[in-house]
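Coordinate analysis (summary)
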Amino acid sequence: MASLSGTFLVSTLKLIGIASILALLVTFLNLVRRLFSRASLPNSLPWAGAGDRSSILSIAKANLRSFFHLPDLLDEGYAKYSKNNQTYVLPYFINGPQVLLPPSQVPWLLAQPDSVLSQEAVNRQFLQAEYAFFHANRVADPVHPEVIQHQLTKKLGSFADDVADEARAALEDCWGTDTREWREVRLYDSMLEVVARLSIRVLMGRGFCGDKTFVAICSQFIRQVAVAAAAISLFPDFLKPLVGPIFTFYDYILYRRCRSFLMPIIRERLARLRNPDAEKHPLENPTQHNDFIQWSIDHAVAKPILNPTELDPRVIAARFSVLSFAAIQSSVITLTNTLFDIASSPSCGDILSSLREEVISETSISTGTREAKDWSKTALSRLRHVDSALRESLRLNGFIERGVLKMVVAPEGITLPDGAHIPYGTKVGVSGYSIHRDEGNYVHAARYDAFRFVRGQQQAGKGGEGDKNKEKDKEKKPQGLINTSEKFMGFSYGSHACPGRFFAANQLKIALGHIALLYEIEVIPTKPENKWFFGHIAPPLTETIRVRRRS
């Protein structure tokens, strides 16, 4: 019997080994196919980096360049084609080529219905959401946009004091309170903890954000999602259901640990909901709870036809992981980049001084003192220098290169304004990275100018005097972090612009305001470079700055 068991085990291991080799071989061949593929795109569309003829070999060479030199390809394509009102193809070896339209065609792009061009499809593919977010995908419609719009955004004012309280406490824990000695800190790591605590304070309350284990689990999960998504994207679609669970195994462990904190509360709330003695609808009789769990439950029961799956505790817990990723990751990147931009600016001291004076002035109006206590929505709207410093950094350092990118979901494909027809599954859009660095849109576009948006942009392009004056009037008006346009796509643009940008903007302004108020930052010679990674643009992850608590 023992020998039979041993033989069976050996045979099983051999089969697994053979299957693994075959899977790797198929993946390799698929990558080779991608390298030389035109992705069924018409020959009339030129490829950046492939020359005028766009032969199979030149396309393969351009695809290889996209690994380490994607910014160069974007610069080349924008200057050569977009500025001449031409559409071009951006080689993107791992995630598939993108058809990039000239900025003049943004109105056409936004006018297409979701049944023809879908931004949601791009987001799900980019993050490999089918595998990265577990039970959240058991429901077709994502809940977090509606919860953000109908619950979180409307209640921003009620969270301001909590966020401000947590910002001070988190910064003191991460950066210390020593007013004499400089302290070296890994900026990304410290901002990840700060932003995670601020977000969790809003989403789940003081108890959860004060739990170091829970904050650490959420932070680690957020760091792993992009890495796992990039690995899964290497494989052909038919292998992803097999390799997805392998690459997200550690993520799943983190998710299960996070879920163990949430499940008792979710079950208790659902039990209360199902209590037959309850006479009133939950939305008609608001409870004392004001957190993501309650928002999700209220959202589900408010629908005309209840979907029982939306009240599955596992789905609610998984949706928390989705929302926490969305709320924390982009804000961490933005805050990290902003602080590196300020620290590397020759005017670092003056920038911090201006921010500090504005915070003191605008958050103490209602108190009649010089003490910063009023962090209300109205007070935050007056922090224009703080807002501009963040918006300017986001202009230069987006967390992705795209501005608006959609996928063709119409089975018959779509015909572009220039007459080119692109098939189902093609990604089409405009590059925010290129638009943000266009000297025609921003004077000295490559330079970080912290208060650019306080002064208002002067029109840098040329045109008729009447149009020029109109554009000047429009651009001179200070533009806030939350305002999107054809020239600023840090949160995308159009009807699918990030719904959480209002929450993110408030959170970022409170965090940066407290940093300027409480700390000095030592000047650094140059800003460390951001790293491009399979479509993600990561801030400096391990570099440090030196900080000191102000007296």
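Residues numbered from 1 in each chain as written. Predicted model: local features only at pLDDT ≥ 70, side-chain atom pairs only at ≥ 80, totals over all residues. Heavy atoms only, no water.

1. Notes on the overall build of the protein
Regarding its fold elements, the protein presents 22 helices and twelve strands. Burial analysis of the protein (551 residues in total) assigns 54% to the buried set. Put simply, of all contacts in the protein between residues at least 6 apart along the chain, 73% involve residues at least 24 apart. Here the protein displays about 25200 Å² of accessible surface, and carbon together with sulfur accounts for 56% of that area. (Helix = DSSP H or I, 4+ residues; strand = E, 2+ residues; numbered from the N terminus. Buried < 20%, exposed > 50% of the residue type's maximum accessible area, 1.4 Å probe, protein only. Contact = heavy atoms within 4.5 Å. Areas by Shrake-Rupley, 256 points an atom, 1.4 Å probe, with all protein chains shown as cover.)

2. Focus: helix 16 (residues 348-362)
Its 15 residues give helix 16 an end-to-end C-alpha distance of 21 Å, which sits within 8% of 21 Å, the value for a rise of 1.5 Å per residue. Among the residues making up helix 16, those that are buried are Cys 348, Ile 351, Leu 352, Leu 355, Arg 356, Glu 358, Val 359, Ile 360 and Glu 362. Of the surrounding elements, those touching the buried residues of helix 16 are helix 15 (313-343), helix 17 (377-381), helix 18 (384-396), helix 22 (501-518) and strand 9 (519-521). (Expected span 1.5 Å × (residues − 1).)

3. A few points about the side chain of Ser 492
With respect to the element layout, Ser 492 can be found in the loop between helix 21 (465-476) and helix 22. With near-sequence residues (within four places) excluded, Ser 492 lies in contact with Gln 119, Gly 403, Val 404, Thr 484 and Ala 497.

4. Examining the layout of surface pockets
If you add up the space inside the second largest pocket, you get close to 920 Å³. In terms of lining, the second largest pocket is formed by 33 residues, of which the most central are Asn 95, Gly 96, Gln 125, Asp 237 and Lys 427. Sorting the residues of the lining of the second largest pocket by element identifies helix 1 (2-36), helix 5 (119-126) and helix 6 (129-132) as the ones contributing at least two each. Counted by class, the lining of the second largest pocket contains 15 nonpolar, eleven polar and seven charged residues. (1 Å grid on protein atoms, 1.4 Å probe; cavity = no way out; pocket = protein on both sides within 12 Å on 5 of 7 lines; lining within 4 Å. Points joined across faces, edges and corners; volume = space filled by probe spheres on them. Nonpolar A, V, L, I, M, F, W, Y, C, P; charged D, E, K, R; others polar.)

5. Let's talk about the state of the cysteines
Cysteine pairs can be linked by a disulfide, which is a covalent bond between their two sulfur atoms. As enumerated under the stated definition, the model contains zero disulfides in all. Of all cysteine sulfurs, the one in Cys 258 lies closest to Cys 218, which takes part in no disulfide; the gap is 4.3 Å. We classify Cys 218 as buried; its relative accessible area is 3%. (Disulfide = S-S within 2.5 Å.)

6. Examining a nonpolar patch on the surface
A grouping of Ile 18, Leu 22, Leu 25, Phe 28, Leu 29, Val 32, Phe 36, Ile 56 and Leu 57 is seen on the molecular surface, where their side chains present a nonpolar patch of about 850 Å² in accessible area. At the level of elements, helix 1 and helix 2 (56-68) are the ones that each hand at least two residues to the nonpolar patch. Tallying contributions element by element places helix 1 first for the nonpolar patch, with seven residues. Overall, Ile 56 belongs to the partly exposed group, its relative accessible area being 41%. (Patch = residues over 30% accessible without salt bridge, like charges linked within 9 Å, V, L, I, M, F, W, Y side chains within 5 Å. Salt bridge = Lys/Arg side-chain N within 4 Å of Asp/Glu carboxyl O.)

7. A closer look at the confidence of the model for the protein
Per-residue confidence for the protein gives a mean pLDDT of 85; residues scoring 70 or more make up 86%. Counting interchain partners and residues more than four positions distant, the pLDDT-below-50 stretch residues 280-286 has eight contacts. Low confidence marks residues 457-475, where pLDDT is under 50. Its contacts with residues over four positions away, or in another chain, come to 22 contacts. (pLDDT = per-residue confidence, 0-100.)

8. Section: the packing of helix 9 (residues 187-204) against helix 15
In contact at an axis separation of 8 Å, helix 9 and helix 15 are set at 140° when each is read in the N-to-C sense. By the angle between their axes, helix 9 is oblique relative to helix 15. Relative to helix 15, helix 9 is oriented so that their crossing is right-handed. Within the contact between the two elements, helix 9 uses Leu 187, Tyr 188, Met 191, Leu 192, Val 195, Ala 196, Ser 199, Leu 203 and Met 204 and helix 15 uses Phe 320, Leu 323, Ser 324, Ala 327, Ile 328, Gln 329, Ser 331, Val 332, Leu 335, Thr 336, Leu 339 and Phe 340. The residue makeup of the contact of helix 9 with helix 15, split by class, is 16 nonpolar, five polar and no charged. (Axes fitted to C-alpha atoms, helices over the stretch in contact; angles between N-to-C directions. Parallel < 35°, antiparallel > 145°, perpendicular 65-115°, else oblique. Left-handed = near helix turned anticlockwise from the far one by under 90°.)

9. Notes on helix 13 (residues 249-273)
With 25 residues, helix 13 ought to run about 36 Å at 1.5 Å a step, and its terminal C-alpha atoms sit 33 Å apart, in line with that. Roughly 40° is the biggest bend found in helix 13, and it falls at Leu 262, with proline Pro 264 one to four residues downstream. What helix 13 keeps buried is the set Asp 251, Leu 254, Tyr 255, Cys 258, Arg 259, Leu 262, Met 263, Ile 266, Arg 269 and Leu 270. Buried positions along helix 13 lie against helix 9, helix 10 (206-209), helix 11 (212-232), helix 14 (292-301) and helix 15. (Bend = angle between axes of the 7 residues up to and from the residue.)

10. Concerning the pattern of salt bridges
Scanning all chains against the criterion turns up 28 salt bridges. In this structure, Asp 237 engages Lys 240 in a salt bridge whose closest nitrogen and oxygen atoms are separated by 3.1 Å. If you follow the salt bridges from partner to partner, you end up with Asp 162, Asp 165, Glu 166, Asp 173, Glu 193, Arg 197, Arg 201 and Arg 206 in one network.

11. Quick word on the sheet that holds strand 4 (residues 183-186)
Taken in spatial order, the three strands of this open sheet run 4-12-9, and their pairing is antiparallel. Bordering the open sheet on either side are strand 4 and strand 9, each of which pairs with just one other strand. Across the sheet, the axes of successive neighbouring strands diverge by a mean angle of 40°, strand direction being ignored. As paired strands, strand 4 and strand 12 (residues 544-549) are joined by four bridges and run antiparallel to one another. Note that in strand 12 the partner of Glu 184 across the bridge is Arg 546. (Pairing = 2+ DSSP bridges.)

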